[in-house]
Each structure stands twice: as structure tokens, then as C-alpha cells.
Amino acid sequence: MTSVMNTYTRFPLQVSKGKGAWIRDCDGNQYLDVVAGIATCTLGHSDPVMDWALDQQLRKLQHISNLYQIPEQEALAAWITTHSCFDKVFFCNSGAEANEAAIKLARKYGHQVRGIERPIILTAEASFHGRTLATISATGQPKYHKGFEPMVRGFRFFTYNDISSFDRLLEATEIEGPRVAAVLLEPLQGEGGVNPGNIDFFNHVRKCCDMKKILLIFDEVQTGVGRTGELWGYNKLGIEPDAFTLAKGLGGGIPIGALAVKEKYDLLCPGDHASTFGGNPFACRAGLTVMKEVERRGLTYHVRCMGELLQELLKQLVTRYPDHLRDVRGWGLLQGLVLNNTSLTAPSLVKQAITERLLIVPAGPEVVRFLPPLTIKPKELHTAVNRLEKALLSIIS
């Protein structure tokens, strides 16, 4: 019997400790973790640099109100703006909160700059933007809406990577005049099935937004912080959004989220938005340590190399089992293995992989997602795919 609310379908595994890409359960069994807290443990478990930095921060100060200036917050904001196309940063505690801030910014932009009475935000089908009421309303997956209706109004959906679908929706929404304040997009859809963005599509959206003065916001909660093999997901597409959101890998396992904007879109004023814990010294020390280590260790290059290796190993698996596996897609160390058999589901394969002491995660019913620490080694990737193959054979044999 547990006193924890039943909001998760948990696997029968109690984790006691971790090191690098490995974790141990309470019985001392060791597992290879290619989930990394769902793209969160950027430097792996119990990284010594993180351990030292956070120990030092706790000896100084863990929290202070945003009523006062916070040096660690200023330093992390400066790092992000120096290494991106953005100029200002708001800090919060999670990806959902970062996207909430982005939605509020989009609405204020629509009202204040565009003069739109009821601003509309366009997002993609199969998207995922969070679990709060506004962010599930922005999420283009009806299964997340069920039981929580009515949704927050002001969101409409187009088919991801489909120029015609986007154009039709934009035209239909603005048939009687300007109504679209923003477009909210993931450079690569993670939860929606590991769907990488198409460069031509994103270029088209960027041009439309420029022409109509629509705010273009990227949700980089999962693709940011080197995960794709570039520092930011927008680098993979060769265009700049007007704002983006971060979380997950930014804190290396410590809760933190962020909304970063270009100077001209820095519209939120005192009283418009806030977060008690957002940007506190401890979380920002974690974020600054992660970002500096990504740079110091050359992890974006490492991720590109490891991503190519992982994709090749998974493609070999597809070649060996074409009746059960269909495709591999993704960027860097965010890869999806697409299943090809209705009798084989992603959750069932994930569950079986645990018996082989491998941790992976579904991205919908037919895609298995790989999100290892950015520090993972080639030998560990070989081990991961070998264990996955054993799990697959256990199901299909």
C-alpha cells in the first residue's frame, strides 16, 4: 500500500542509486539507463562536477525570493543569451510552466502589439506541451484532453510538417482579419512519436510568421541543451524562433524551466507572471554547471557521433527483424525505433526490456524512444541495443 496518488503506471523497479548511464535497484541489480529521467540527466547520474557544484551551492544559499537579485540566475541567463539568438530569460520550474509563460506572452503580444481581441495560437497535431490545463489544451493529442474538458480556448491544430495543412488553417483562422498571435512548435516531436521537423516546412512557417507579424515559439523542452547534436534544436533547422522554452536537460536532474525571448518580444512586466521557486540559486547553479560542462566537454560533437552510432545499430536491428520493426528516426541522442506489428507494442517491449536490465521509454503505442545521457559511451550503446534485441526475441519467439 502506498500513500502516493495513483497518477503513474509504474514499472516494478525501485531505484536506489545511479552512476553515469547506470542505475541500481534496491536489490543491487544494475540496469543500463537510456531514458535518463526522460532526457533530463544530461551529464548522467551522480556526475562528479555536478555533485561538487551543488554541494558548494548548498553551503552558500539554496533559495531566496525573486524579490531580490540572484547572482546565479543572472549568470545562467547570461550564458543562455550569449550562446543563443535570445536576449532575455524568465525562469520557472518545469517545461509545462515554461510553456505556460510562452502562452501568456503570446496572448499579451496578440493584445498589446497586434490589437487582437481574442488571440489564437496555432500548434501541431501529435504535439506535446505539458500537463497543465493550458498546455494540454495546446497539445494536439485528444487522449490528454479526455476527462479534463472543457479545454482552454484559443488553440487550433494543423498537421506537423505539412505546409498545405498549415496554410489552410492559417487562412481559415484569419479569413475575417488577423487573429493568430503565435505558432507554437517542437523542432522535433518527442512524446508524439519522435518526428523530426522538416526544414522546408519550418522555413515556410518562419516566412509566414514574418509576413504576418506572428510570434514563432519553439518548445525545446526535450530538444534543447545539446540533445540533438546541436546546442539548440532550432540550430538543426537553420532558422531562429522569436522565443523558445527549455526544461528537462537544462538542470541535469534538478527542476528548472525557462522561457527565452528576443528583445522586441520582452513584453511581460512586473505583476504579469512570476514563480516562487523559479530561478532560485540552487536550480540555476545546476543549470549553469550543465551548460558549462556541455561546452567544456564538447558534448554536442559527442552527441552527433553517438547519435549516428545509435541510429546505425537500430537500423541493423530493423534489417534483421523487418516483420516487427519498421524504421528509425530522430536527431542525435533522441532516437525512435518504430514498430511494425500490431501485436508488438512499445509499452510491452519497454516492460520486457526491464527483464534484460535495460531502461527505455515509449513515445506512443508504436515507437520506443532512446534518450540516454549525453555522456554515454559507444560500448554502452552496443550493450543497450543487444539487450533490446534479447527483449524483442523474448516477445516474438
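What you see is a predicted model; the values in this text were computed from it and never measured.

Reading the values: rules and limits
- Residues numbered from 1 in each chain as written.
- Predicted model: local features only at pLDDT ≥ 70, side-chain atom pairs only at ≥ 80, totals over all residues.
- Heavy atoms only, no water.
- Pairing = 2+ DSSP bridges.
- Helix = DSSP H or I, 4+ residues; strand = E, 2+ residues; numbered from the N terminus.
- Axes fitted to C-alpha atoms, helices over the stretch in contact; angles between N-to-C directions.
- Contact = heavy atoms within 4.5 Å.
- 1 Å grid on protein atoms, 1.4 Å probe; cavity = no way out; pocket = protein on both sides within 12 Å on 5 of 7 lines; lining within 4 Å.
- Points joined across faces, edges and corners; volume = space filled by probe spheres on them.
- Nonpolar A, V, L, I, M, F, W, Y, C, P; charged D, E, K, R; others polar.
- Buried < 20%, exposed > 50% of the residue type's maximum accessible area, 1.4 Å probe, protein only.
- Polar contact = N/O pair within 3.5 Å; in protein donor to acceptor, adjacent residues only side chain to side chain.
- Domains from an automatic or database assignment.
- Buried area = accessible area lost by both parts, 1.4 Å probe.
- Salt bridge = Lys/Arg side-chain N within 4 Å of Asp/Glu carboxyl O.

### Thoughts on the sheet that holds strand 7 (residues 180-185)
(1) Moving on: With mixed pairing, seven strands are arranged side by side in an open sheet as 4-12-11-10-7-5-6. Of all the strands in the sheet, just strand 4 (88-92) and strand 6 (155-158) have a single pairing partner and so form its edges. Each strand of the sheet is rotated relative to its neighbour by a mean of 20°, with strand direction disregarded.
(2) Moving on: As defined by bridge partners, strand 5 (residues 120-124) adjoins strand 7 across four bridges and the pair is classed as parallel.

### Section: the sheet that holds strand 2 (residues 22-25)
(1) Moving on: Taken together, the four strands give an open sheet; going across it, the order is 1-2-3-15, and neighbouring strands pair in mixed fashion. Each of the sheet's edge strands pairs with one partner strand only, and the pair in question is strand 1 (15-19) and strand 15 (358-359).
(2) Moving on: Looking at chain direction, strand 3 (residues 30-33) and strand 15 are connected through two bridges and run parallel. Within the sheet, the bridge partner assigned to D33 lies in strand 15 and is L359.
(3) Moving on: Relative to the sheet, helix 12 (residues 378-396) contacts strand 2, strand 3 and strand 15, its axis offset from that of strand 3 by approximately 105°.

### Remarks on the layout of surface pockets
Empty space among the atoms becomes apparent when a probe as large as a water molecule is rolled across them.
(1) Moving on: If you add up the space inside the second largest pocket, you get close to 820 Å³.
(2) Moving on: Taken together, 29 residues line the second largest pocket, and the ones lying closest to its centre are Q73, V89, F90, F91 and L268.
(3) Moving on: Take the lining of the second largest pocket: its biggest share by element is five residues, from helix 3 (residues 71-82).
(4) Moving on: When the residues that make up the lining of the second largest pocket are grouped by side-chain class, the tally is 16 nonpolar, eight polar and five charged.

### Brief notes about unusual backbone geometry
(1) Moving on: Omega for the peptide link from E149 to P150 comes to 0°, which places this bond in the cis form.
(2) Moving on: Summarising the element assignment, P150 is placed in the loop between helix 5 (133-138) and strand 6.
(3) Moving on: Of note in this structure, A126 is not a glycine but carries a positive phi near 70°.
(4) Moving on: Position of A126 relative to the elements: it lies in the loop between strand 5 and helix 5.

### A short note on the side chain of Q73
(1) Moving on: As for its position among the elements, Q73 is in helix 3.
(2) Moving on: The exposure class assigned to Q73 is buried, which follows from its relative accessible area of 19%.
(3) Moving on: For Q73, the side chain forms a polar contact with the main-chain oxygen of G279, separated by 2.8 Å.
(4) Moving on: With residues near it in sequence (within four places) discarded, Q73 still touches N66, F91, G278, G279 and C284.

### Side note on the domain arrangement of the protein chain
(1) Moving on: Taken domain by domain, the protein chain holds domain 1 (15-33 + 298-396) and domain 2 (49-297).
(2) Moving on: Summarising the inter-unit geometry, the C-alpha centres of domain 1 and domain 2 are found 27 Å apart.
(3) Moving on: If you look at the interface, domain 1 gives 21 residues, while domain 2 gives 26 residues.
(4) Moving on: Together, the buried faces of domain 1 and domain 2 total about 1900 Å²; carbon and sulfur atoms form 61% of this surface.
(5) Moving on: Between E191 and R369 there is a salt bridge; the shortest N-O distance is 3.1 Å.
(6) Moving on: Of all the secondary-structure elements, those providing two or more residues to the side of domain 1 that touches domain 2 are helix 10 (299-320), strand 13 (325-331), strand 14 (334-339) and strand 17 (367-370).
(7) Moving on: Take the side of domain 1 that touches domain 2: its biggest share by element is four residues, from helix 10.
(8) Moving on: Residue classes in the side of domain 1 that touches domain 2 are distributed as 10 nonpolar, eight polar and three charged.

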